[in-house]
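What the coordinates show
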Amino acid sequence: MITAYFRYLSRARDEHSLHSPFLYALYTEVIRARRSPEKAFAPIQAVRKKLRRSQQQITITDLGAGSKVNPSRQRTIGDIARHSQKSARFGRLLFRLVQRFQATTIVDLGTSLGLTTAYMAEATRVYDGRVMTFEGCAETAAVARQNFDQLKQQNVTIVVGNLDKTLATGIASLGPVDFVFFDANHRYEPTVRYFETCLRHIHNDTVFVFDDIHWSDEMEQAWAYIQKHPSVTVTIDLFWVGLVFFRQEQPREDFILRF
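The rules we used
- Residues numbered from 1 in each chain as written.
- Predicted model: local features only at pLDDT ≥ 70, side-chain atom pairs only at ≥ 80, totals over all residues.
- Heavy atoms only, no water.
- Pairing = 2+ DSSP bridges.
- Helix = DSSP H or I, 4+ residues; strand = E, 2+ residues; numbered from the N terminus.
- Right-handed = clockwise from strand over helix to strand, strands pointing away.
- Salt bridge = Lys/Arg side-chain N within 4 Å of Asp/Glu carboxyl O.
- Buried < 20%, exposed > 50% of the residue type's maximum accessible area, 1.4 Å probe, protein only.
- Contact = heavy atoms within 4.5 Å.

**Let's talk about the pairing of strand S5 (residues 156-160)**
Sheet analysis places strand S4 (residues 130-135) next to S5, joined by five bridges and oriented parallel. Looking at the pairing, Phe134 lines up with Val159 of S5. Traced from S4 through helix H7 (residues 138-150) to S5, the parallel crossover comes out right-handed.

**Things to note about the pattern of salt bridges**
Evaluation of the coordinates by the stated rule reveals 13 salt bridges. Here Arg258 and Asp14 are joined by a salt bridge, their closest N and O atoms 3.5 Å apart. In this pair, Arg258 is assigned in the segment after strand S10 (253-256) and Asp14 in the loop between helix H1 (2-11) and helix H2 (21-31), connecting sequence segments 244 residues apart. Here the residues in one salt-bridge network are Lys86, Asp211 and Asp212, joined through shared partners.

**Some points on the side chain of Thr140**
With respect to the helices and strands, Thr140 occurs in helix H7. Its relative accessible area of 4% is what places Thr140 among the buried residues. Look past the residues within four positions of Thr140 in its chain and what remains in contact with it is Ile58, Ile60, Ser112, Leu113 and Glu135.

Rendered as structure tokens:
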């Protein structure tokens, strides 16, 4: 990823490269927002701190590409919280994106301990949205459920099981979806397959967010495939995540922007 990151830095631009009012506002007001409602995040941060201290051990059922940090099936919750969870910075970004687009039907592929999911669920609290999150590991999902309960986020539904078998049926029950966060199997074929499954349920203003688009050669290949897909009009590469839009009124463009 080091080579990919330096390549990203050499290509990344800022708001001065954006001529579309939609993209300029999205970048300056959401992606590079200077302020966030920190009061809303305090309970999630408290849960994060508690998880990082936990020595409880669980058995991981990993149906994806695995961890680069600790491939062991026996892991403490604290280890997962420290090494396998997106940072608060990215949680806040997802919160702002969900609120920006007033997403009411959200799909989350890869619950883990539920911290990232919690940011998206919290974003919908003011307008009564719902989140369906998919997790392959039953023991991890049980910890996530406890966290959602502690945060009083009753708008989260957890679907446990192999995503290959649960995604199509689960997402079909929702109707059109507004926002999808892809953070499950970090390999080319499953990522593309999940993307195409979710494509059947988009509308003009749906937003897809892909995690770890430069995590491996396979993920970079998957990102290239997504960028070229005829349904996609705009993509934004922020290195750690990629944003995908389907707005037919937007010219077809790909951006690499500083985050």
